[in-house]
Structure formats: C-alpha cells, structure tokens
Amino acid sequence: MTNQSNQNSHILFTGPGGWSYWAWSEDGRLPSKDIETLSEKLNIDVDRELLTNGDDVEGFREFVHVIVEVSKKYGFTHIVDPDMEIQIDEPQPIIQEIFRWLETGGWTTGAQLRVLKGLDISHLVSNSCK
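Residues numbered from 1 in each chain as written. Predicted model: local features only at pLDDT ≥ 70, side-chain atom pairs only at ≥ 80, totals over all residues. Heavy atoms only, no water.

**Some points on the overall build of the protein chain**
Reasoning step 1: The secondary structure content of the protein chain amounts to 7 helices and 5 strands.
Reasoning step 2: Starting at the N terminus, the α and β elements of the protein chain follow one another as α-β-β-β-α-α-α-β-β-α-α-α.
Reasoning step 3: The C-alpha atoms of the protein chain give a radius of gyration of 14 Å, which matches the 14 Å a tight globule of 130 residues would have.
Reasoning step 4: In the protein chain, which comprises 130 residues, the proportion classed as buried is 36%.
Reasoning step 5: Long-range contacts, defined as pairs at least 24 residues apart, comprise 49% of the intrachain contacts of the protein chain with a sequence gap of at least 6.
Reasoning step 6: Only carbon and sulfur atoms are counted for the fraction: they give 51% of the accessible area of the protein chain, which is about 7400 Å².
Reasoning step 7: One finds the centroid of the 11 positive side-chain charges in the protein chain at a distance of 8 Å from the centroid of its 21 negative side-chain charges. (Helix = DSSP H or I, 4+ residues; strand = E, 2+ residues; numbered from the N terminus. Rg over C-alpha atoms; globule rule 2.2 N^0.38 Å. Buried < 20%, exposed > 50% of the residue type's maximum accessible area, 1.4 Å probe, protein only. Contact = heavy atoms within 4.5 Å. Areas by Shrake-Rupley, 256 points an atom, 1.4 Å probe, with all protein chains shown as cover. Lys, Arg positive; Asp, Glu negative; His and termini not counted. Charge placed at Lys NZ, Arg CZ, Asp CG, Glu CD.)

**What about helix 5 (residues 94-104)?**
One turn of the α-helix equals 3.6 residues, which is why residues spaced by three or four share an orientation.
Reasoning step 1: Along helix 5, the residues classified as buried are Ile 94, Ile 95, Glu 97, Ile 98, Trp 101 and Leu 102. Buried positions in helix 5, seen along its axis, are confined to an arc of 165° and lie on one side of it. Relative to its buried face, helix 5 has exposed residues pointing more than 90 degrees away, namely Glu 103 and Thr 104.
Reasoning step 2: Among the residues trailing helix 5, Gly 106 stands out with phi positive, at a value near 80°. (Arc of directions from axis to C-beta.)

**Comments concerning the environment of Glu 26**
Reasoning step 1: Tracing the sequence through the fold places Glu 26 in the loop between strand 2 (20-24) and strand 3 (33-34).
Reasoning step 2: On the accessibility criterion, Glu 26 (41% relative accessible area) is partly exposed.
Reasoning step 3: As a C-alpha pair, Glu 26 and Val 125 span 99 residues in sequence and 24 Å in three-dimensional space.

This is the structure we're talking about:
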C-alpha cells in the first residue's frame, strides 16, 4: 500500500461513470463498483419498481443508503466526489455531506424523510463527535 493510499484509507470515493454512479477506495478495500451492484450486495431496501421508473428520490435514497452501509462496513468517515464539488484535497465528513445534499438538493420535506427512512447513521455521528 502506498503512503498516499494509507493517508486516504478513511476516504470513500464516488463519481459518475457511463450510465452509473460508482464507489471505491484507493487502498483497495472497496474495489470500484457501481451503486446498483453495491445496493444489491448490501441488501439495501429500495423500491426497484420506482428505480426502474426513474424516481429521483428513490435513486438518491439508494445512493445515500449505500454510502452509509459501505462506510459502516469499511470504516470510511469522509467522502470525495469531484462531481459534487468535494475535492481530494478537501475530503468532507460523510454525515455532513448527506445533510448538505438533503438541504441544498431541492428536496421537499417529504422527499427528505423518504431518503432518511430506515437509515442508521449512528456510526457516522459517533465518528464526527470525536
């Protein structure tokens, strides 16, 4: 493992690739996988019919739940996603970014609640309080 990847071992990388959105780590713990594959592998509870019909809220809900479960499984605390203006030189706490996306993404209160439904962020909250 390189010194750079050691320094980035707490960082989850996400970004677009083709028709899908992807997540990976530089240290190899999480090989590059698209969000849908991770969702199925992690058994994320999403409405596949809504996803198939292009429901934006359900798509965002799947993304957020995958990010949280991957962070729990692999110990990631921060995220980098240049497409979302989170650069490698300034990784941001995952919990902070989830709330920023909810606040600034134009989601209604009902959509925000739908995204958060069933989400366990306790491991991120305890990490952000250290």
